[in-house]
Amino acid sequence: MKKTRKLLSIWEHYITMEIGVEFKACLYFFCILFFYSVYKVIDGSLEANIIHMTEMIFLTYVMGYVQVYLLSNFDEGEQLRGRELFYMVLCTGIYTVISFLGKWFDQNIAVTIGFAFYMIAVYLCAFIVYQSKRRIDEKLLNEELQAFQERQGENEQSH
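Predicted model, so just to flag it, every value in this text is computed and none were measured.

Caption draft 1: Main features of the nonpolar core. The biggest cluster of nonpolar side chains holds 27 residues, and the ones touching the most others in it are Tyr95, Trp104, Phe105, Phe115, Met119 and Tyr123. Taken together, the elements giving at least two residues each to this core come down to α1 (2-42), α2 (50-70), α3 (82-101) and α4 (109-158). Look past the residues within four positions of Phe105 in its chain and what remains in contact with it is Phe35, Tyr36, Tyr39, Ser99, Val111, Thr112 and Phe115.

Here it is in structure tokens:
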């Protein structure tokens with residue numbers, strides 16, 4: 001029984017982490033694809049390169065795993081300090097270098113630098129969103145706890 005419960009707990013932890021990676025990959029892929037699409041439209045094209053999009057989604061999954069398992073899930077951190085900022089710049093650098101080598105923006109230096117600043121903004125926004133979600137979850141849990149404690153108090157008084 002204990003072994004089954006422990007395996008279930010490990011499985012639940014694994015699934016929770018995988019959902020986190022999946023969410024990050026989708027979030028960052030959408031943001032990168034948005035920048036890419038705007039670039040293509042401004043460049044006069046309404047067509048996107050499927051190879052570029054494949055590289056983008058593959059990279060966002062790899063980076064999601066790196067962020068979750070190696071970089072302490074920094075974008076979901078409690079505070080934005082030196083380590084989190086370093087990780088943010090590191091990940092932005094990786095995205096930027098890959099975008100340049102993959103010619104997502106035709107190796108245009110100005111656009112690539114703009115993309116780097118955009119990714120910093122994306123990471124900052126993600127940090128704020130995750131922080132807001134944590135506060136909302138905390139508030140809801142506290143309200144549920146208070147309601148539970150009130151019900152427990154009523155049950156004890158009725159006996």
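Caption draft 2: Representation of the side chain of His52. Position of His52 among the secondary structure elements: in helix α2. Setting aside anything within four residues of it in sequence, one finds His52 in contact with Tyr36, Gly102, Lys103 and Trp104.

Caption draft 3: Fine view of unusual backbone geometry. Not every positive phi belongs to a glycine, and Lys103 is a case in point at roughly 60°. Here Lys103 is to be found in the loop between α3 and α4.

Caption draft 4: Representation of the side chain of Glu18 in the model. Assignment of secondary structure puts Glu18 in helix α1. Among buried charged residues, Glu18 stands out as having no salt bridge; its nearest opposite-charge side chain is Lys24, 12 Å away. Setting aside chain neighbours within four positions, we find Glu18 in contact with Tyr65 and Tyr69.

Caption draft 5: Structural context of the packing of aromatic side chains. Evaluation of the coordinates by the stated rule reveals 15 aromatic pairs. Their ring planes at 70° and their centres at 6.2 Å tell us that Phe23 and Tyr130 sit as a pair that is edge-to-face. Of the two residues, Phe23 sits in helix α1 while Tyr130 sits in helix α4, which places them 107 residues apart along the sequence. Using a relative accessible area of 47% as the deciding quantity, one classes Phe23 as partly exposed. Between Phe35 and Tyr118, the aromatic rings sit 4.9 Å apart at their centres with planes inclined by 40°, giving tilted as the arrangement. One end of the pair, Phe35, is in helix α1; the other, Tyr118, is in helix α4, with 83 residues separating them in the sequence. On the basis of relative accessible area, Phe35 is assigned to the buried category, the value being 18%. The rings of Phe35, Tyr36, Tyr39, Trp104, Phe105, Phe115 and Tyr118 are connected pair by pair, giving a single aromatic cluster.

Caption draft 6: Representation of the environment of Gly102. Inspection of the secondary structure assignment puts Gly102 in the loop between α3 and α4. The residues touching Gly102, leaving out its near neighbours within four places in the chain, are His52 and Glu55.

Caption draft 7: Summary view of α3. Taking 1.5 Å per residue as the helical rise, α3 with its 20 residues ought to reach 28 Å, and the 28 Å between its terminal C-alpha atoms agrees with that figure. Within α3, burial applies to Glu84, Tyr87, Met88, Cys91, Thr92, Tyr95, Thr96 and Ser99. Buried residues in α3, looked at end-on, bunch into an arc of 165°, giving them a common side. Projecting away from the buried face of α3 at angles above 90 degrees are the exposed residues Phe86, Val89 and Leu101. The positive-phi residue at the C-terminal boundary of α3 is Lys103, with phi of around 60°.

What counts and how
- Residues numbered from 1 in each chain as written.
- Predicted model: local features only at pLDDT ≥ 70, side-chain atom pairs only at ≥ 80, totals over all residues.
- Heavy atoms only, no water.
- Core = buried A, V, L, I, M, F, W, Y, C linked by side-chain atoms within 4.5 Å.
- Buried < 20%, exposed > 50% of the residue type's maximum accessible area, 1.4 Å probe, protein only.
- Helix = DSSP H or I, 4+ residues; strand = E, 2+ residues; numbered from the N terminus.
- Contact = heavy atoms within 4.5 Å.
- Lys, Arg positive; Asp, Glu negative; His and termini not counted.
- Salt bridge = Lys/Arg side-chain N within 4 Å of Asp/Glu carboxyl O.
- Phe/Tyr/Trp six-rings, centres within 6.5 Å; stacked < 30°, edge-to-face > 60°.
- Expected span 1.5 Å × (residues − 1).
- Arc of directions from axis to C-beta.

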